[in-house]
Amino acid sequence: MQVTSSVPRRVTRQISVGDVKVGGDAPITIQSMTITKTADVEGTLQQIYALAAAGADIVRCTCNEIEAAEGLAQIVPRSPVPIIADIHHQYKMAMAAMEAGVDGLRLNPGNIRKPEHIKTVAAEAKDRNLPIRIGVNAGSLDPKLYEKYGGATPEAMVESAMTEIAYFDEVGFDLIKISVKASSVPLMVDAYRMLSEATDHPLHLGVTEAGPPPAGLIKATAGISTLLLEGIGDTIRYSLTADPVEEAKAGRQLLEALGLRERKNVDLIACPSCGRAEVDVIKVANEAMDAFGERKLPLQVAVMGCVVNGPGEARDADIGIAAGNKRGHLFIKGQNVAVVPEDEMVGQLVEWAEFINEHGTEAALERADLDKARREAEKDRAQLLEEQGDDANAAGEKIVEIRRKNKT
Ligand code: SF4
């Protein structure tokens, strides 16, 4: 059963980035950014294809020099997803990127500050019907705002975005999405909350410079998911110091985990293992992750360390495996369906998962010898309980030992 988030999404306007809708009732989209030189057309396209395969709906490329704009002119027509040009200091690069045919721009208000430059870009974007993201970044905030607020506060970041919107208004441009990123999770969460009160433009969420995984993943997930669960956010980007494919994967996995995007790949759940485990759960779970890889199997798959508790604890999983007495007990929706040698566990898991995906759960149960599978599972379960008792972690003995030590 896929549990979906019950929090209503904040109502935002909708814009289009190429053929991808952002905001309104559109699904929350996943973004990432290439790390190649944009002038390297083949290398950049290779990365864009890898990002799209990993789940990115929109990809951003830097446009920091004229060679990058020339590269974009060749990249955009061959890209499988819309391309956004990232512009920092030179507004002329924004003009060149639009001329190159990009699907949108990202402007950093802290870096392009002259109102006439901002308005020139917005007027051109209006003529071309192209969206612009106002990408405020705590680390590169306009120094005047930094001074006014005594630092990069949520108020300062929101004011930066609203000032930019006012310039856009002057030329009648409103195809806007906004981000107020910071590397501090509490700061970005507060800034986005404040921004979502101030405007109904769609919001692009991210924790900037989150760093390498796993800490970077945790920071980005903490910030992005806090906001998503409050109904805030229309598109997301993980900013990791890693292969950007990891960013796209993380974005997809987060949205699937929150029930905000339809699942495309396996959702692997596994027990944390304990003294009762009959197999190295960490190893088997990793083997299963590798074996499923990027297969398009939208199923929940469980890897459980023992047949004593595994099938029951993972009864909601579409399919699972639990170890016992050097054998693997396969179960579907909590019902034992087959017993296989331990070294065939992962292979059988994949094979049954493929079968369920193709023919459905009922057909899989029909092909199983349910009586035999249940008998064998009961046998191993009873034997393990006999050997280990109810207290496989020897908690009772440990408590007695702790009490004894405390007394001495
Ligand atoms: S009791 Fe079994 S299923 Fe539960 S954590 Fe321990 S090994 Fe895993």
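Remember, it's a predicted structure, so these values are computed and weren't measured experimentally. (Residues numbered from 1 in each chain as written. Predicted model: local features only at pLDDT ≥ 70, side-chain atom pairs only at ≥ 80, totals over all residues.)

The next thing to look at is the overall build of the protein. Counting its regular elements, the protein contains 15 helices and 15 strands. Taken along the three principal axes of its C-alpha coordinates, the protein extends 80 × 60 × 35 Å. Counting every position in the protein, which comprises 408 residues, the buried fraction comes to 47%. Across the protein, every contact between residues at least 6 apart in sequence was considered, and the portion connecting residues at least 24 apart equals 65%. (Helix = DSSP H or I, 4+ residues; strand = E, 2+ residues; numbered from the N terminus. Buried ≥ 20, exposed ≤ 12 C-beta atoms within 10 Å, placed from the backbone. Contact = placed C-beta atoms within 7 Å.)

Where strand β14 (residues 327-332) lies against strand β15 (residues 335-341), 6 bridges are found, and the strand directions are antiparallel. When the sheet's bridge partners are listed, H329 is paired in β15 with V339. Connecting the antiparallel pair β14 and β15 is a turn made up of 2 residues, with K333 showing a positive phi of about 50°. (Pairing = 2+ DSSP bridges.)

What follows is about the sheet that holds strand β6 (residues 104-107). In space, the 8 strands of this open sheet follow the order β8-β7-β6-β5-β4-β3-β10-β9, with parallel pairing throughout. A single partner strand is all that each edge strand has here, and the edge strands are β8 (176-181) and β9 (204-205). Here strand β3 (residues 29-33) runs beside strand β10 (residues 235-237); their pairing, made up of 3 bridges, is parallel. Across the sheet, the residue bridging to I30 is I236, located in β10.

Time to look at the environment of G312. Counting through the fold element by element, G312 comes out in helix α11 (residues 310-313). The class of G312 is exposed, set by 12 C-beta atoms lying within 10 Å. When the C-alpha positions of G312 and F331 are compared, they lie 9.6 Å apart, and in sequence the two are 19 residues distant.

Ranked by internal contacts, the top residues of the largest apolar core, which has 80 residues, are C63, L72, A97, L105, M157, V180 and Y192. No other element matches the 7 residues that helix α3 (residues 91-100) contributes to this core. Discounting residues that sit within four places of it in the chain, L72 has contacts with T38, C61, C63, I83, A85, A97, A100 and V102. Among the nonpolar cores identified, the runner-up in size contains 40 residues, and V266, L299, A338 and A377 belong to it. (Core = buried A, V, L, I, M, F, W, Y, C linked by C-beta atoms within 7 Å.)

Here we take up the sheet that holds β14. Strand order across the open sheet formed by 5 strands is β11-β12-β13-β14-β15, with mixed pairing between neighbours. Whereas interior strands pair on both sides, the edge strands pair on one side only; in this sheet they are β11 (267-270) and β15. The mean inter-strand angle of the sheet, taken between neighbouring strand axes irrespective of direction, is 20°. As defined by bridge partners, β11 adjoins strand β12 (residues 300-304) across 4 bridges and the pair is classed as parallel. When the sheet's bridge partners are listed, I269 is paired in β12 with A302. The strands touched by helix α12 (residues 345-359) within the sheet are β12, β13 (319-324), β14 and β15, with β13 carrying the most contacts at an inclination of about 160°. (Axes fitted to C-alpha atoms, helices over the stretch in contact; angles between N-to-C directions.)

Moving on: the domain arrangement of the protein. Under the domain assignment used here, the protein contains domain 1 (14-257) and domain 2 (267-388). A separation of 43 Å is found between the C-alpha centroids of domain 1 and domain 2. (Domains from an automatic or database assignment.)

Next up on the list: the packing of helix α4 (residues 115-128) against helix α6 (residues 154-170). A pair of packed helices is captured by two measures, namely the crossing angle of their axes and the spacing between those axes. At their nearest, the axes of α4 and α6 sit 9 Å apart, and the two run at 60° to each other. If you check the angle between α4 and α6, you find them oblique. Regarding α4 and α6, the two cross each other, and that crossing is right-handed. Taken together, the residues of α6 that come into contact with α4 (itself represented by P115, I118, K119 and A122) are E164, Y167, F168 and E170. Its residues assigned to classes, the contact of α4 with α6 comprises 5 nonpolar, no polar and 3 charged. (Parallel < 35°, antiparallel > 145°, perpendicular 65-115°, else oblique. Left-handed = near helix turned anticlockwise from the far one by under 90°. Nonpolar A, V, L, I, M, F, W, Y, C, P; charged D, E, K, R; others polar.)

Look at helix α10 (residues 281-292): 16 Å from first C-alpha to last across 12 residues, which is about the 16 Å you get at 1.5 Å a residue. Taken residue by residue, α10 has V281, V284, A285, A288 and F292 as its buried positions. Along the axis of α10, the buried residues cluster in a sector spanning 100°; they form a single face. The outward face of α10, more than 90 degrees from its buried face, is lined by the exposed residues K283 and D290. Tucked inside the fold, the buried residues of α10 contact β11, β12 and α12. Directly after α10, the chain includes G293, whose backbone phi takes a positive value near 45°. (Expected span 1.5 Å × (residues − 1). Arc of directions from axis to C-beta.)

To continue, consider the environment of G334. With respect to the helices, strands and loops of the structure, G334 is situated in the loop between β14 and β15. According to the C-beta neighbour criterion, G334 is partly exposed, with 15 such atoms within 10 Å. Sequence spacing of G334 and I75 is 259 residues, and the spatial spacing of their C-alpha atoms is 49 Å. Setting aside residues up to four positions removed in sequence, G334 forms contacts with P311, G312 and R315.

In this section: the packing of helix α2 (residues 66-78) against α3. Two numbers describe how α2 lies on α3: the axes approach to 8 Å, and their chain directions differ by 20°. In terms of their interaxial angle, α2 and α3 are classed as roughly parallel. Both α2 and α3 take part in a crossing whose hand is right-handed. Residue-level inspection shows I66, A69, L72, A73 and V76 of α2 in contact with α3, the latter providing M93, A96, A97 and A100. Each residue belonging to the contact of α2 with α3 can be placed in one class, and the counts come to 9 nonpolar, no polar and no charged.

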